[in-house]
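So the chains spell out like this:
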Amino acid sequence: MAAAVGRVLRLGGRWSAAAPGGPRAQTLRLIYTTTAVQKKNVGASGPEKYTEEFIKKQIEEFNLGKRHLANMMGEDPETFTQEDIDRAIAYLFPSGLFDRQARPMMKHPTAIFPEQRKIQWGEDGRPFHFLFYTGKQSYYSLMHETYEKLLNAQKYQDQLTAQDLPQKEKRNLAGSRWLTKIELEEMLLEKLSDDDYSRFIQLLQKLMTLPCGDIEEKYIQKFTKEVPVQLEKAVTEPLKYDERGVAFSTGEGTRKTSRATAVVYDNGTGKITVNGIDVLHYFPVLQDREQLLFPFQFLDRVGKHDMVCTVSGGGRSSQAGAIRLASAKALRSFVTEKEVEFMRQAGLLTVDPRVRERKKPGQEGARRKFTWKKR
Amino acid sequence: MAVPRLLRAGERVVPGPARPGSAPPHPCDPRVSLPAAAPRLYSSVSAPVPVPVPVPVPAPPSAVDDSLLSKPLSHPDFFNLKELFSLKDLFNARVHLGHKKGCRHRFMEPYIFGCRLDQDIIDLDQTMEHLQLALNFTAHIAYRKGIILFVSRKRQFCHLIESTARECGEYAHTRYWQGGLLTNAHIQLGSGVRLPDLIIFLSTLSNIFEPHVAIQDAAKMNIPTVGVVDTNCNPCLITYPIPGNDDSPTAMELYCKLFKMTIIRAKEKRRQREIFDELRRKAEGK
């Protein structure tokens, strides 16, 4: 402790050259100040730092406490897990406090003391990391390592060209992405700026373009993440056959609030039944019947299929649209992939996303405003 | 502008402030091998005040340790660093090549041997002397377990310098220098941090060909500096300038090699002496 005070005094001595001293006022350097004065002058220096041994001591105490707790609860100290600890603490110290962080807890010290707050230098004051004085030691040491890999890769490439060996093929990294800035910050436990991050990614990309060995591959993989394949090919269902041996297929469709299911049969005459009722009676209006006919007309299969549909909800026009989508989806199974693509481009397979817009307060309708009166 | 007059060729000031441990040496000290040691302008340092300076290392106070720390100071070349380099080595590493005449700094004129086809040639005899002093000083700092920081802002040698620092167990800063790193260290690096005891500049200029901020910061914080000064650099605030080339890879590799060897040698010597003292104390104790 005395040594620590002495060190602080020495540093204080270096700083407060102008402070009035006692008999030593003649030398520029050696002015003694007390630690109290020192601490007052220092601004908010951030959260408290913990030494390595402090953390070790905390871990020992935690382990001892865990065994005592297990004995108290009458359980085996060897197989006492963190959940058991939590349950035991909740039982022994019941707390009605709302905030879970405020309740009594007993966790492993590594979970409580965040890693970055450890003091970065030893007893003699020498920092542990050789890049400590840069301020951003983890980031710069990462850059240093990556650059070293780059140099090794370049040397390897030179060796290959010198020996006239064929160049290694470049890797294909489709389906993977670089770590984001936040993920990198979590990895390094240090704040990064956007500039720093982009420089690091550029260095990695440069390393990637060179043909390197397996070691560099593993190193690069530390900074990549798998991207789940987004586009999945829509698999068309195969045709089903009923008791008579006729091929059929089903499809579902929606439009506004209508829900429809359609079953399209092969070897048909063009008969369409909706909710058990013939289409002419269910849809008296020509426009709706045209909507139902559109998928068949598009595929030139007007009189070749029979259709049985059920529909509920919505109005006349939206029910027609729902059945149209359902029949188009069902027809996919009868048709080649190219024609499915044509249907998709025609808009037959897309769900119409338009729904009724809500009325807003202060307006008469969704868009219509009240009549504006000048006075 | 009276300063340039004082710094004539071969002139050396009182070598460094007395932070490493003992009282500041007298200007007539035999260690100051060069003639006419002119005092610096801020003369409050030159007057030898017999004040017991607190030792930076937490060494246990004993009579034996006094000899451990004071004996090396009585030799002119305790670590025998002369054998590490020769004029031929410096020449082969192209240390004598300076920049063009137009880039010449006024204060570097004493160190320049001549100018050939508009290119300045640095006087290698002076370089030898300065290099000897600088390496000797570095060795003493390393012997007394001081923190040494290598600084350079040359991008092509950044990796080399960081590797050198790592291999000899010291520290390096070859990246963007944040403004208050030395002067605001208590806030930026943490409270209770120990600042470097020596800063070695392998290139004194920053990326924009201006003097590196660390030179003036070190002078403000009373940290001695060793620096390789090229013909376009300002050698003013550097405690131990080494006039030499800072652009060629061979020259930089030579400097790195020399500094690494001196530091390792000094640390080895310290370790051996400590072991020796320990054994002797045990023998006396029995």
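Our structure is the block above this text.
Keep in mind that what you see is a predicted model, and the values were worked out from it rather than measured. (Residues numbered from 1 in each chain as written. Chains lettered and ligands numbered in written order. Predicted model: local features only at pLDDT ≥ 70, side-chain atom pairs only at ≥ 80, totals over all residues. Heavy atoms only, no water.)

### Quick look at a nonpolar patch on the surface
Residues and elements named next belong to chain A.
Here is step 1: Judged by side-chain polarity, Met 72, Tyr 91, Leu 92 and Phe 93 come together as a nonpolar surface patch covering roughly 480 Å² of accessible area.
Here is step 2: Examined against the element boundaries, Tyr 91 turns out to sit in helix α4 (residues 82-92).
Here is step 3: Residue class for Tyr 91 comes out exposed when judged on its relative accessible area of 62%. (Patch = residues over 30% accessible without salt bridge, like charges linked within 9 Å, V, L, I, M, F, W, Y side chains within 5 Å. Areas by Shrake-Rupley, 256 points an atom, 1.4 Å probe, with all protein chains shown as cover. Salt bridge = Lys/Arg side-chain N within 4 Å of Asp/Glu carboxyl O. Helix = DSSP H or I, 4+ residues; strand = E, 2+ residues; numbered from the N terminus. Buried < 20%, exposed > 50% of the residue type's maximum accessible area, 1.4 Å probe, protein only.)

### Brief notes about the pairing of strand β4 (residues 247-255) of chain A
Residues and elements named next belong to chain A.
Here is step 1: Sheet analysis places strand β3 (residues 240-241) next to β4, joined by 2 bridges and oriented antiparallel. In the strand pairing of β4, Tyr 241 is matched with Ala 247.
Here is step 2: Counting the residues in the hairpin turn of β3 and β4 gives 5 residues, including Gly 245, whose phi is positive at 90°.
Here is step 3: Relative to strand β5 (residues 258-265), β4 runs antiparallel, the two being bridged by 8 bridges. (Pairing = 2+ DSSP bridges.)

### Here's the deal with the environment of B:Lys145
Here is step 1: With respect to the helices and strands, the residue B:Lys145 is situated in the loop between α4 (124-143) and β4 (148-151).
Here is step 2: Separated by 121 residues in the primary sequence, B:Lys145 and B:Ala266 have C-alpha atoms spaced 9.2 Å apart.

### Some points on the sheet that holds strand β6 (residues 272-274) of chain A
Strand-to-strand pairing in sheets goes through backbone hydrogen bonds, with the strands running parallel or antiparallel.
Residue and element names in this part refer to chain A.
Here is step 1: Spatially, the 6 strands line up as an open sheet ordered β3-β4-β5-β8-β6-β7, and their pairing is mixed. Two strands close off the open sheet at either side, each with one partner strand: β3 and β7 (277-278).
Here is step 2: In terms of strand pairing, β5 meets strand β8 (residues 306-312) through 7 bridges, oriented antiparallel. Within β8, the position partnered with Ala 262 by the bridge is Cys 309.
Here is step 3: Together, β4, β5, β6 and β8 form the strand contacts of helix α12 (residues 316-331), whose direction differs from that of β4 by roughly 140°. (Contact = heavy atoms within 4.5 Å. Axes fitted to C-alpha atoms, helices over the stretch in contact; angles between N-to-C directions.)

### Structural notes on the packing of helix α6 (residues 137-162) of chain A against helix α8 (residues 194-209) of chain A
Residue and element names in this part refer to chain A.
Here is step 1: Packing of α6 against α8 brings their axes to within 10 Å, and their N-to-C directions diverge by 20°. Classified by the angle between their axes, α6 and α8 sit roughly parallel to one another. Read as a crossing pair, α6 and α8 show a hand that is left-handed. Contacts between α6 and α8 involve Tyr 139, Leu 142, Met 143, Thr 146, Tyr 147, Lys 149, Leu 150 and Ala 153 from the former and Asp 196, Arg 199, Phe 200, Leu 203, Leu 204, Lys 206 and Leu 207 from the latter. (Parallel < 35°, antiparallel > 145°, perpendicular 65-115°, else oblique. Left-handed = near helix turned anticlockwise from the far one by under 90°.)

### Quick word on the packing of helix α3 (residues 52-73) of chain A against α4(A)
Residue and element names in this part refer to chain A.
Here is step 1: Put simply, α3 and α4 touch, their axes get as near as 11 Å, and they point 65° apart. Handedness of the crossing formed by α3 with α4: left-handed. Residues Phe 62, Lys 66, Leu 69 and Met 73 of α3 form the contact with α4, whose participating residues are Gln 82, Ile 85, Ala 88, Ile 89, Tyr 91 and Leu 92.
Here is step 2: Partitioned by chemical class, the residues of the contact of α3 with α4 number 8 nonpolar, 1 polar and 1 charged. (Nonpolar A, V, L, I, M, F, W, Y, C, P; charged D, E, K, R; others polar.)

### Some thoughts on a negative patch on the surface
Here is step 1: A contiguous patch of negative charge, built from A:Glu52, A:Glu53, A:Glu123 and A:Asp124, is present on the exposed surface.
Here is step 2: Tracing the chain through its elements places A:Asp124 in the loop between α5 (109-112) and α6. (Lys, Arg positive; Asp, Glu negative; His and termini not counted. Charge placed at Lys NZ, Arg CZ, Asp CG, Glu CD.)

### Some remarks on the pairing of β4(B)
Residues and elements named next belong to chain B.
Here is step 1: Residues Ile 148 and Phe 150 line one face of β4 and the alternating positions Leu 149 and Val 151 line the opposite face, and both faces are buried.
Here is step 2: Relative to strand β6 (residues 198-201), β4 runs parallel, the two being bridged by 4 bridges. Among the inter-strand pairings, Val 151 is bridged to a residue of β6, identified as Phe 201.
Here is step 3: With 3 bridges joining them, β4 and strand β5 (residues 171-173) adopt parallel strand pairing. Bridge pairing in β5 links Leu 149 to Tyr 171.
Here is step 4: Between β4 and its parallel partner β5, the chain crosses via helix α5 (residues 158-167), and the hand of that crossover is right-handed. (Right-handed = clockwise from strand over helix to strand, strands pointing away.)

### Focus: the sheet that holds strand β1 (residues 97-100) of chain B
Residues and elements named next belong to chain B.
Here is step 1: Spatially, β1-β3-β2 is the arrangement adopted by the 3 strands of the open sheet, whose pairing is antiparallel. Edge positions in the open sheet fall to β1 and β2 (112-116), since each of these has one partner strand only. In this sheet, neighbouring strand axes are inclined to one another by 30° on average, regardless of whether the strands run parallel or antiparallel.

### Concerning the nonpolar core
Residues and elements named next belong to chain B.
Here is step 1: In this structure, Val 95, Ile 148, Phe 150, Val 226, Tyr 255 and Phe 259 are the most contacted members of the largest nonpolar core, which totals 42 residues.
Here is step 2: Secondary-structure elements contributing two or more residues to this core are α4, β4, α5, β6, β7 (225-229), β8 (240-243) and α8 (249-285).
Here is step 3: Apart from the residues within four sequence positions on either side, Phe 259 is in contact with Leu 135, Thr 138, Phe 150, Ile 200, Leu 202, Val 226 and Ile 242.
Here is step 4: One finds Val 151, Ile 215, Met 221 and Val 229 within the second-largest nonpolar core, a separate group that totals 28 residues. (Core = buried A, V, L, I, M, F, W, Y, C linked by side-chain atoms within 4.5 Å.)

### Describing helix α7 (residues 213-220) of chain B
Residue and element names in this part refer to chain B.
Here is step 1: Taken residue by residue, α7 has Ala 214, Ile 215, Asp 217 and Ala 218 as its buried positions.
Here is step 2: Where the residues of α7 are buried, they touch β6 and β7.
Here is step 3: In the stretch just after α7, Asn 222 is the one whose phi turns positive, near 60°.

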